[in-house]
Amino acid sequence: MSASDLQAAALTAYQKGDFATAAARFEEAASAFRAEGDRALAAEMMNNLGVAHRAAKNYSAALPALETALAEFRALDDKPRTAQALGNLGSALLETGDLKRAADALNDSLSLLDPQKDKVARSEVLRVLGEVRLKQGKFLDGMADYEAGLRDVEKPSAQQRWLKKLLEKPLKMLGRK
């Protein structure tokens, strides 16, 4: 199979919730793209590999894959993909309870995302950062980050609309909005 075929097979498996197969195909695709000399796509496959492992709750495999992707994106000076890898790393670190590193990764991701062009990505990162802050006991910061993330959701669910309204009042009363 070609690198592109492996990538397509991995994405299909991931969408079906077959994370083990997705991870295996992403790893094969990364090797194939590396062999073709395409460092950026190889790193993207490593990023996806980390996401697949995270979805399977295999954090001991997710973190090294995400860190490998991050290092490669930084070496390539690919800011959008660096921001994405940092966001994925921050999410995985949150799930492992490494809150300090999670906050650092998420803040680094935010620093690379354009508030106007990258609204969807910023929204996701802010909501995860809000969760990190809440787990750190930084309740006001957590609520503020989470609410800021909800503001840029283009088509919020009923639950997201409810949460946004719930958070607006105390933040306004505390002068944070």
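Structure: see above.
Rules of the game
Residues numbered from 1 in each chain as written. Predicted model: local features only at pLDDT ≥ 70, side-chain atom pairs only at ≥ 80, totals over all residues. Heavy atoms only, no water. Core = buried A, V, L, I, M, F, W, Y, C linked by side-chain atoms within 4.5 Å. Buried < 20%, exposed > 50% of the residue type's maximum accessible area, 1.4 Å probe, protein only. Helix = DSSP H or I, 4+ residues; strand = E, 2+ residues; numbered from the N terminus. Contact = heavy atoms within 4.5 Å. Salt bridge = Lys/Arg side-chain N within 4 Å of Asp/Glu carboxyl O.

## Points about the nonpolar core
Next, step 1: Judged by nonpolar contacts, the single largest core of 43 residues is most densely connected at Phe26, Leu89 and Val132.
Next, step 2: Within the residue set of this core, elements represented by two or more residues are α1 (3-15), α2 (19-35), α3 (39-55), α4 (59-75), α5 (79-96), α6 (99-112) and α7 (119-135).
Next, step 3: Setting aside its immediate chain neighbours within four residues, Val132 contacts Leu94, Leu99, Ala102, Ala103 and Leu106.

## A short note on the pattern of salt bridges
Next, step 1: With the rule as written, the count across this model stands at 11 salt bridges.
Next, step 2: Residue Arg39 pairs with Glu72 through a salt bridge whose shortest N-O separation is 2.4 Å. Of this pair, Arg39 sits in helix α3 while Glu72 sits in helix α4, and the two are 33 residues apart along the sequence.
Next, step 3: On the basis of relative accessible area, Glu72 is assigned to the partly exposed category, the value being 22%.
Next, step 4: Residue Arg151 pairs with Glu147 through a salt bridge whose shortest N-O separation is 2.8 Å. Of this pair, Arg151 and Glu147 both sit in helix α8 (residues 139-151), 4 residues apart, which is roughly one turn of that helix.
Next, step 5: Taking the relative accessible area as the measure of exposure, Arg151 reaches 46% and is therefore partly exposed.

## Some points on the side chain of Asp145
Next, step 1: Tracing the sequence through the fold places Asp145 in helix α8.
Next, step 2: Overall, the relative accessible area of 16% leaves Asp145 in the buried class.
Next, step 3: Apart from residues lying up to four places away in sequence, Asp145 is in contact with Leu126, Arg127, Leu129, Gly130 and Arg133.

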